[in-house]
Amino acid sequence: MKIDLTEIERVNTISKDDFYINYVKKQKPLVVEKLTQDWPAYKKWNLNYIKSIAGEKVVSLYDNRPVSHKDGFNETHAKMKMANYIDLLQSKPTNYRIFLYDLMKELPILHKDFKWPDIGLRLIKQLPMLFFGGKNSKVFMHFDIDYSNILHFQFDGQKQCVLFDPHQTPFLYKIPHSLICREDIDFDNPDFDKWPALKQAKGYICKLNHGEMLYMPEGYWHYMKYLEPGFSMSLRAFPRKISSLSKAAYNLMIMRYFDNFMRKLKGQKWIDYKNEEAIIHTHKKLNINQDISSKVT
Ligand SMILES: O=C(O)CCC(=O)C(=O)O
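Residues numbered from 1 in each chain as written. Predicted model: local features only at pLDDT ≥ 70, side-chain atom pairs only at ≥ 80, totals over all residues. Heavy atoms only, no water.

Trainee: Which residues make up the layout of surface pockets, and what are the values?
Mentor: Rolling a probe over the atoms, with the probe sized like a water molecule, indicates the empty space that remains. Each pocket or cavity is described by its volume, and for the second largest pocket that value is around 260 Å³. Per-class residue counts for the lining of the second largest pocket are 6 nonpolar, 6 polar and 5 charged. (1 Å grid on protein atoms, 1.4 Å probe; cavity = no way out; pocket = protein on both sides within 12 Å on 5 of 7 lines; lining within 4 Å. Points joined across faces, edges and corners; volume = space filled by probe spheres on them. Nonpolar A, V, L, I, M, F, W, Y, C, P; charged D, E, K, R; others polar.)

Written out as structure tokens, the structure reads:
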């Protein structure tokens, strides 16, 4: 059995009205295949180009180690020169990823290579972010702290994206006081004996190729797998729904500080407690009876 995933709708191009009325207002994901074809980035942006303009920069990297109390909220795991990192990406599969690399601050030269899409969203001009990953690297299932509407553009290698609407949260084993699901769920091939609630989840899937854009509505869960080495740029617009705005404010102003405080106070016990709560809470809400100790190690 597989998770119930529907292919995300695809269009070649789309008008501002169509995009706004049928996707932003309805909060439906979409892939637009040809939005970037008149950008200089479409021809220029690949890993070799990034190496040529940013090779000497030292970048912070994440791998896929589980959350530990020793790390702060979203803390990075290693540092390397961009040139060495790109060599690594191009030579073998690696779990090392760059997450939320600030384009305006770190590589402002790239700014002239793309256009702000006129697509019915008020995009935040200060916040284009870049993400890099090696073949097979995975970005754990999460949603973004600010509940933005996200335009996610893929460059160089292909990437697989799995999304869930925020209404699917009850089936996803969300960790309390965080933005993630249980990290030991393999969303490519989940063990439904261990994670029975996932049988009820309904999500979306797509494969993004060079130059394609994925629209992720606000608060959408996303799990990315780099099928080939590559990188992406995300442009974001503030959430439209009041409920998303208030959740974003809570996350940014209270949740992350509370979680850091509890990590310092209780150490690994806090992380273990949250992981266990994710199962207890999910199964209780869905009336699933399962002996946690025998199923989850
Ligand atoms: O593709 C990635 O590396 C992560 C993308 C992501 O999480 C985002 O755009 O919010």
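Trainee: Lay out the pairing of strand S7 (residues 129-133) with the relevant residues and their values.
Mentor: Buried residues dominate S7, accounting for 5 of its 5 residues. Residues Met129, Phe131 and Gly133 point to one face of S7 and Leu130 and Phe132 to the other, with burial holding for every one of them. Inspection of the sheet shows strand S6 (residues 97-102) paired to S7 by 4 bridges, in the antiparallel sense. Looking at S7, one finds that Tyr101 is bridged to Leu130. Taken together, the 5 bridges between S7 and strand S14 (residues 230-237) define a ladder with antiparallel strand orientation. If you follow Gly133 over to S14, its bridge partner there is Gly230. (Buried < 20%, exposed > 50% of the residue type's maximum accessible area, 1.4 Å probe, protein only. Helix = DSSP H or I, 4+ residues; strand = E, 2+ residues; numbered from the N terminus. Pairing = 2+ DSSP bridges.)

Trainee: Describe the sheet that holds strand S2 (residues 10-11), and please don't skip the residues or the numbers.
Mentor: Spatially, S2-S3-S12-S9-S14-S7-S6 is the arrangement adopted by the 7 strands of the open sheet, whose pairing is mixed. Of all the strands in the sheet, just S2 and S6 have a single pairing partner and so form its edges.

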